[in-house]
Amino acid sequence: MTASTDWATVRPPGTDPARGGRWWPWIGRLALPVVLALVLLALWLYVGSQELDSIEARSLTAETIGETAARHVALTAVSTVLVVALAVPLGILLTRPFTRRYRGLLLTVANIGQAVPTIGLLALLAVAFFFLGFWAAVVGLVAYAVLPVLRNTMVGLEGVDPAVLEAGKGMGLSGRQVLRRLELPLAVPVILAGIRTALVINVGTATLAAYINGGGLGTLIVAGFSTNRFLVSLTGAVLTAVLALLVDHLAGIAEDVLKPKGL
Amino acid sequence: MTETGPADRPMIRLEELTKTFPGQQRPAVDALTLDIPEGEIVILVGPSGCGKTTTMKMINRIIEPTSGRILLDGEDVTHADPDQLRRRIGYVIQQIGLFPHMTIAENIATVPKLLGWDAQRVAARVDELLTTVRMDPAEYRGRYPKELSGGQRQRVGVARALSADPDVMLMDEPFGAIDPITRDRLQNEFLRLQAQVRKTIVFVTHDIDEAIKMGDRIAILREGSEVVQYDTPETILTHPANDFVRDFIGSGASLKRLNLSRVRDIELSHWPTVPEGTSPEEALRVLRSAPGSAVLVLDAQGRPRRWVGATDLQRADGRRLDQIGMHPEAIVEPHATLSDALNELITARYSVATVVDGNGVYQGVVDIDRITEAIRTMRSDDQRTARRGLDEASDAAGSRWS
C-alpha cells in the first residue's frame, strides 16, 4: 500500500498515471496469493503422502475441511460486520461535541472488552449462561474486536483538518452534511485500517470458537490435540494461518481501492 | 467612529455586537458598532488578540454573538438559520480548507449544488470562475488540491467563495500563508477581480501594509474590538487619530503611501519603441535619437516583445530583433501601486517598469523620476495641510491679540 501511495504523490501533477503505473500495484498484489497457494499445495502433497488412520481420514476429508473453513469464514465475517455496525456509529457519536462527557467511560468499557482474554469470556458465557455455539462465539469475537475499530473511527474523525471543516461549515454545509461529505470520507483510510485489524484479530480468535462448539478451523486443531493426531492439528493451523494472511491481504487491497482519490 | 458617506448604504451593519467566551471575564468583542458600505473592501486590522477574527466570524455566525445585532442588507440575521445565511456569504480562510478528496471542480461546485443549481449551470459556473482566477478550466477542473501550488490553491479558495455569487465575502488573512512574491501577485489579481465584481468584503489581517494596499476603508482595532480609527487608508496615513494608530502604522508612513497611488494615477514616461520587423540598423538609428540605452520591441498587437540594448544591436550579425536582447521584464499593469512599480524598476536591467494595459499592450514606462515626483507631490500636499493648520492657529492667535 505504501508503494501505491508513493506512486500517487510522486507523479507530476496533471499527468495521467502511466499504463504501467496503473497495473504495477496489481502485480505486487498477486504475489502473496501465489505464495499462499503454494503453501496449500505443499500441505496437500504432504498430507497425501502420509498413511492416514481412520480418525485422521475422517477429519481430513475435503468435505469436513471445506465445512470447517466455511464456518470459520462465516464466524469472521459475521463478527466483523457486527463490529463495524457497532463501533463506527459509536465512534461517530463519541466524536460529536455533545458526547464529550461520556467519551472516557465508553472507551474504558471498550478497553475492558479487549483486555479480557476471549477464551475467558467464551468460558464465562458457556459456564455461567449456558450460552454455546456459533452466536456465543460471535459475542466473544465482537467484544474483542470492537476496540480497534472504535478507536480508529475516533482517531480518523478527529484527525480531519479543522480548516477543512471550518471551510465546509462556513460555506453553509449543515452538521450532517459536514459529517457525510467531509468527515467520514476523509476518515475512511484510518477507519479501514481499524477494520482490517479487527478482521485479522477475528480470523485468529475464531479458532477458539471450537471450545464452545462454535465450529471453525479451530475444530481441527482441538480435535487433533485431543486425539493426539498431529497431522490434523497441523492442517487446521496452516489453514488458519493461510486464511489470516489472505484476509489481511484482501483487506489491504480494499483499503487501496476504497481510499478516496486525492488523498 | 462609524462615519460612512451618506450615499453609501451599509451592506453589513453591526450593532452593539458583543462576544464573551465562556469562562472569560472580559468580552473578546465589546459592544462593537460598525457599518460596512456596499461594494467596498473593509479591512479589520489590529494586533493579535484584538478580536478582529472573532468579529468577522460573528458575521456568518461561525461564532455566535453573546448580544447585539447583525444586519445584512437591512435584514436582521442575528437569529436566521446559520446554514442558509452562510450560503449567501463567501468565506475564505488562511488555511484555505479545500476539500482534499474532491476535485477542483467539485470544490467550487459545493455551494451551487447545495442551492440546487442544475448540472449544466454548475459546470458553466465552475469554468467561468476558474477563468476569472486565471486558471485554465480544461487543465485544472479535474485535479485534486494536493496537485496544486499554494498560490493556485488560494485562487481556487477565492473562486469557491465566489461560486454562488454572494454579495458579501469574509476573508480571514487570505494571503497570510503564501510566500511574499506570490502574495503580492494574488493581492493585485484580487484587486483587479474586485474591480469587476464589486463585492462587499470584510477582510481581516494583522499586516498594516496589506490593509493599506487592499482596503477601501480600514478599521484599526484594539483589545475588545474597539474601533480606534475607521477611515480611508489615505486619511489613516496622513491623519492618524492617536499614538496607537501612529505606532501601529509604524515607521515609513510616507513610503507606505506609495501603496496608495497607482500607476494609472501618474503620468507615464515615454521610451523608444520599434515594431517587431524593424531592422537592427533602423533600431540603432531610433536609439541614437532617443535618450535611453535600449529600445523596446513591440509585436504586431503592440505588446512588449524584447528589450534590445545598443550593444545587442551592434552585435546583431544579421539576426532579427526578436532573436537578440532579452525578454521583457518588470511589467506592471495600471492598477499596480507605485510601490510595486518601484520594486520592479529597482531590479530591472534598464531601471524602468514597463506599463501594459489589461490586454498586454504597451502604454509607457515608470522610471525613478516619476516616483520621486509622486513622493514630492504627496509631501507638498502634506505641508500645505500642515501649514493650513498653522495659519489658522496664528489667525486665531492674532485675533485674540488684537
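Residues numbered from 1 in each chain as written. Chains lettered and ligands numbered in written order. Predicted model: local features only at pLDDT ≥ 70, side-chain atom pairs only at ≥ 80, totals over all residues. Heavy atoms only, no water.

(A) View of the overall build of chain A. What chain A contains, in helices and strands, is eleven helices and zero strands. Walking chain A from its N terminus toward its C terminus, one meets helices and strands in the order α-α-α-α-α-α-α-α-α-α-α. With the C-alpha coordinates aligned to their principal axes, the bounding extent of chain A is approximately 75 × 55 × 25 Å. Scored against the burial criterion, the 263 residues of chain A give a buried share of 43%. Long-range pairs, those at least 24 residues apart, make up 77% of the contacts in chain A with a sequence separation of at least 6. If you sum the accessible surface of chain A, you get close to 14000 Å²; carbon and sulfur atoms cover 71% of it. Averaging the positions of the 19 positive and the 14 negative side-chain charges in chain A gives two centres separated by 12 Å. (Helix = DSSP H or I, 4+ residues; strand = E, 2+ residues; numbered from the N terminus. Buried < 20%, exposed > 50% of the residue type's maximum accessible area, 1.4 Å probe, protein only. Contact = heavy atoms within 4.5 Å. Areas by Shrake-Rupley, 256 points an atom, 1.4 Å probe, with all protein chains shown as cover. Lys, Arg positive; Asp, Glu negative; His and termini not counted. Charge placed at Lys NZ, Arg CZ, Asp CG, Glu CD.)

(B) A look at the environment of Tyr144(A). Residues and elements named next belong to chain A. When you line up the elements, Tyr 144 lands in helix α7 (residues 134-158). Tyr 144 gets classed as partly exposed once you look at its relative accessible area, which sits at 24%. Along the backbone, Tyr 144 and Glu 51 are 93 residues apart, and their C-alpha atoms lie at a distance of 40 Å. Residue contacts for Tyr 144: discarding those within four places in its chain leaves Gly 113, Gln 114, Val 116, Thr 118, Ile 201 and Thr 205.

(C) Focus on the environment of Ala300(B). Within the secondary structure layout, Ala300(B) lies in the loop between β12 (294-298) and β13 (304-309). Expressed as a C-alpha distance, the spacing of Ala300(B) and Glu276(B), which sit 24 residues apart in the sequence, is 7.0 Å.

(D) The pairing of strand β3 (residues 41-45) of chain B, seen in detail. Residue and element names in this part refer to chain B. Buried residues dominate β3, accounting for five of its five residues. Residues Ile 41, Ile 43 and Val 45 of β3 are buried on one face, and the alternating residues Val 42 and Leu 44, pointing to the opposite face, are buried as well. In terms of strand pairing, β3 meets strand β9 (residues 217-222) through four bridges, oriented parallel. Its bridge partner being in β9, Val 42 is matched across the sheet by Arg 217. (Pairing = 2+ DSSP bridges.)

(E) Spatial organisation of the packing of aromatic side chains. Residue and element names in this part refer to chain B. Here the structure, examined in full by the defined rule, presents six aromatic pairs over all chains. Between the aromatic rings of Phe 244 and Phe 248, the centroid separation amounts to 6.4 Å while the plane-to-plane angle is 10°, which identifies the pairing as stacked. Linking Phe 244 with Phe 248, this pair stays in helix α10 (residues 243-249), spanning four residues, or about one helical turn. Overall, Phe 244 belongs to the partly exposed group, its relative accessible area being 23%. Between Trp 307 and Tyr 350, the aromatic rings sit 5.2 Å apart at their centres with planes inclined by 40°, giving tilted as the arrangement. Taken as a pair, Trp 307 in strand β13 and Tyr 350 in the loop between α14 (338-347) and β15 (352-356) lie far apart in primary sequence, 43 residues in all. As far as the burial class goes, Trp 307 and Tyr 350 line up, both buried. (Phe/Tyr/Trp six-rings, centres within 6.5 Å; stacked < 30°, edge-to-face > 60°.)

(F) Region of the structure containing the interface of chain B and chain A. Facing 26 residues of chain B, the contacting portion of chain A comprises 24 residues. Where chain B abuts chain A, roughly 2200 Å² becomes buried across the two surfaces, and 63% of that area is made up of carbon and sulfur atoms. Interface area lost by chain B to chain A is led by Phe99(B), His101(B) and Lys146(B), which between them contribute 26%. Between Glu166(A) and Lys57(B) there is a salt bridge, with its nearest N and O atoms 3.1 Å apart. Counting across the chain B and chain A interface gives five residue pairs in polar contact (both at pLDDT 80 or more). For the side of chain B that touches chain A, the secondary structure elements donating two or more residues are α2 (82-87), β6 (89-93) and α3 (104-114) of chain B. Broken down by element, the residue count for the side of chain B that touches chain A peaks at four residues, all from α3(B). Looking at the side of chain B that touches chain A, its residues break down into twelve nonpolar, six polar and eight charged. (Buried area = accessible area lost by both parts, 1.4 Å probe. Salt bridge = Lys/Arg side-chain N within 4 Å of Asp/Glu carboxyl O. Polar contact = N/O pair within 3.5 Å; in protein donor to acceptor, adjacent residues only side chain to side chain. Nonpolar A, V, L, I, M, F, W, Y, C, P; charged D, E, K, R; others polar.)

(G) Layout of the domain arrangement of chain B. Residues and elements named next belong to chain B. Each assigned domain of chain B is listed here: domain 1 (10-251) and domain 2 (264-371). In this structure, domain 1 and domain 2 have C-alpha centres spaced 38 Å apart. The interface is formed by five residues belonging to domain 1 together with four residues belonging to domain 2. When domain 1 packs against domain 2, close to 360 Å² is buried across both sides, 44% of that on carbon and sulfur atoms. (Domains from an automatic or database assignment.)

(H) How the structure looks around the sheet that holds strand β7 (residues 168-172) of chain B. All names here are of chain B. Spatially, β6-β7-β8-β3-β9-β10 is the arrangement adopted by the six strands of the open sheet, whose pairing is mixed. Every other strand in the sheet has two partners, leaving β6 and β10 (226-231) as the edge strands with one partner each. Neighbour-to-neighbour, the strand axes of the sheet open up by a mean angle of 15°, direction not taken into account. Sheet analysis places β9 next to β10, joined by five bridges and oriented antiparallel. Looking across to β10, one finds that Ile 218 is bridged to Asp 231. Against the sheet, helix α6 (residues 150-161) engages β6 and β7, with an angle of about 165° to β6. Against the sheet, helix α7 (residues 180-197) contacts β3, β7 and β8 (200-205), and its axis sits at roughly 140° relative to β3. (Axes fitted to C-alpha atoms, helices over the stretch in contact; angles between N-to-C directions.)

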